[in-house]
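# Overview (structure and organization)
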Amino acid sequence: MADTGAGRFAPSPSGRLHVGNLRTAVLAWLFARSTGRRFLIRVEDLDRVRAGAEAEQLAELAALGLASDEPVLRQSGRLDRYTSALEQLIARDLAYECFCTRRDVAEAASAPHGRPGFYPGTCRALSEDERARRRLGRRPALRLRSAVDSWTVEDLLAGRITAPVDDVVLRRNDGVIAYNLAVVVDDADQGIDQVVRGEDLLESAPRQAYLASLLGLPIPTYAHVPLAVASGGRRLAKRDGAVTLEDLALQGWSPAEVLETILASLGLPGGSPDSALAVFDPGRLPRHPWVVDPAVLFPAAAGPACKPSAPTDKVHP
Ligand code: GLU
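Notes on the structure in this doc start here. Predicted model only: the values in this text are computed from it and were never measured.

## Some thoughts on the pattern of salt bridges
Enumeration according to the criterion identifies 29 salt bridges in this entry. A salt bridge links Glu56 to Arg50, with the shortest nitrogen-to-oxygen separation between them at 2.7 Å. With a closest N to O distance of 2.6 Å, Asp174 and Arg172 form a salt bridge. Owing to a relative accessible area of 28%, Arg172 belongs among the partly exposed residues under this scheme. Shared partners join several salt bridges into a network, and the residues in it are Arg8, Arg42, Glu44, Arg78, Arg81, Asp186, Asp187 and Asp189.

## A look at empty space enclosed by the protein
The tally for this structure, following the rule as stated, stands at one cavity of 30 Å³ or more. Taken as a whole, the largest cavity holds about 80 Å³ of empty space. Of all the secondary structure elements, the ones that give two or more residues to the lining of the largest cavity are α6 (179-189) and α7 (204-214). Residues that form the lining of the largest cavity fall into these classes: ten nonpolar, one polar and one charged.

## Remarks on the site of the ligand
Neighbouring residues of the ligand: Arg8, Ala10, Pro11, Ser12, Glu44, Tyr179, Val183, Arg197 and Leu201. Contact distances for the ligand include 2.8 Å between a nitrogen atom and a backbone N or O atom of Ala10. A distance of 2.8 Å is found between an oxygen atom of the ligand and a side-chain nitrogen or oxygen belonging to Tyr179. Protein burial of the ligand: of its 300 Å² of free accessible surface, 78% is covered by the chains.

## Describing the state of the cysteines
On inspection of all chains with the given rule, the structure shows zero disulfides. Unpaired in this structure, Cys98 has its nearest cysteine sulfur neighbour in Cys100, at a distance of 3.9 Å. Looking at Cys98, the relative accessible area reads 1%, which means it is buried. Cys100 forms no disulfide, and the closest cysteine sulfur to it belongs to Cys123, at a distance of 3.7 Å. With a relative accessible area of 13%, Cys100 lands in the buried category.

## Considering the pairing of strand β4 (residues 95-98)
Here β4 shows no split at all, with Ala95 and Glu97 on one side and Tyr96 and Cys98 on the other all buried. In terms of strand pairing, β4 meets strand β5 (residues 141-144) through four bridges, oriented antiparallel. For Cys98, the partnering residue across the bridge sits in β5 and is Ala141.

## Notes on the sheet that holds strand β3 (residues 73-74)
The parallel open sheet is built from three strands, whose spatial order is β1-β2-β3. Pairing within the sheet leaves two strands with one partner each, and these edge strands are β1 (6-9) and β3. Note that strand β2 (residues 38-43) and β3 share two bridges and pair parallel. Bridge pairing in β3 links Val43 to Arg74. Set on the sheet, helix α1 (residues 19-34) makes contact with β1 and β2; between it and β2 the angle comes to about 145 degrees.

## Observations regarding the side chain of Thr24
You can see Thr24 is positioned in helix α1. Those residues in contact with Thr24 that sit more than four places away from it in its chain are Phe9, Arg197, Gly198 and Val225.

## Examining the packing of aromatic side chains
Counting across every chain of the model gives three aromatic pairs. Centre to centre, the rings of Phe31 and Phe280 are 5.3 Å apart; their planes meet at 75 degrees, and the pair counts as edge-to-face. With Phe31 in helix α1 and Phe280 in the loop between α10 (273-277) and β12 (290-291), the pair connects residues that are 249 residues apart, well separated along the chain. Overall, Phe31 belongs to the buried group, its relative accessible area being 2%. For the pair Trp151 and Tyr210, a centre-to-centre distance of 4.9 Å together with 55 degrees between the ring planes defines the contact as tilted. Taken together, the positions of Trp151 in strand β6 (residues 150-155) and Tyr210 in helix α7 put the pair 59 residues apart, joining distant regions of the chain. In this structure Trp151 comes out as partly exposed when scored by relative accessible area, which is 27%. Judged by relative accessible area, which is 4%, Tyr210 ranks as buried. Directly above the aromatic system of Phe118 lies the positively charged group of Arg115, at a separation of 4.0 Å from the ring centroid. The ring of Tyr119 is capped by Arg143, whose NZ or CZ atom sits 3.6 Å from the centre of that ring.

Rules used in this analysis
Residues numbered from 1 in each chain as written. Predicted model: local features only at pLDDT ≥ 70, side-chain atom pairs only at ≥ 80, totals over all residues. Heavy atoms only, no water. Salt bridge = Lys/Arg side-chain N within 4 Å of Asp/Glu carboxyl O. Buried < 20%, exposed > 50% of the residue type's maximum accessible area, 1.4 Å probe, protein only. 1 Å grid on protein atoms, 1.4 Å probe; cavity = no way out; pocket = protein on both sides within 12 Å on 5 of 7 lines; lining within 4 Å. Points joined across faces, edges and corners; volume = space filled by probe spheres on them. Helix = DSSP H or I, 4+ residues; strand = E, 2+ residues; numbered from the N terminus. Nonpolar A, V, L, I, M, F, W, Y, C, P; charged D, E, K, R; others polar. Near = heavy atom within 4 Å. Polar contact = N/O pair within 3.5 Å; in protein donor to acceptor, adjacent residues only side chain to side chain. Areas by Shrake-Rupley, 256 points an atom, 1.4 Å probe, with all protein chains shown as cover. Disulfide = S-S within 2.5 Å. Pairing = 2+ DSSP bridges. Contact = heavy atoms within 4.5 Å. Axes fitted to C-alpha atoms, helices over the stretch in contact; angles between N-to-C directions. Phe/Tyr/Trp six-rings, centres within 6.5 Å; stacked < 30°, edge-to-face > 60°. Lys NZ or Arg CZ within 6 Å of the ring centre and 35° of its normal.

Laid out in structure tokens, this is it:
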């Protein structure tokens, strides 16, 4: 079969998915399917793992009708691939050991001429003797020797995005492979040429695209979609009330009804992902965050008969 490319949803198994995460997953599926791509689910379990969360998340996605077209890939099983990408960068002198603590990095950023969140290259030019001496006191992280200050990508929703690129961490000092490296290697290995994810990762796209270009990997098409926020504008979190399928089931909401509400928030008809696909048009998606006040959007009901039935009743203005 000709390779049609793929889109993906790549959750970290740190807990239950909330309605904002599920909405992003629905959008990733719609973008993939509407462009004839495969839809893949990848479990990003290098860090922040809670036992049992992966199975829960996959069940939650399945309950909405979202399943991976291929066996789910787990990052924890791919350390060899990340190591070989690292070796490729090291061999080309594109990575170096960094002994800075978080505090060192924060202090450097707040110093005169420092840039918040931007690693100033403190350990770039250490001599071999100095590195050997420092290794006695601290395990080093590995950082990218970036040759640029910024990089530009095209995003289907945000347009042309230029963001700073610094010497990003490739492998943390506890040995864990950094997200930015893993995601770039995985997307390329899985034939993922369309990355649809939350807007909070928009600023990461340029540095990931730069890293991909250094590794000779193709740059995917990006679409960063609006996040779900709580009434005050903060990113939605579990503490904001009944926002997971599990919480909502306790209040009498079926997954199909939650899906209908998610689709309604996107201006799409309910029913199933397939019925939404028939009319999906990325150009008509809402561009602002989705305000989720669970008490308004998902009012508790004694039983299904007591819930509002029209999707419009459930949508926060
Ligand atoms: N695993 C990341 C998260 O759950 C998403 C990474 C990505 O989509 O590139 O926030």
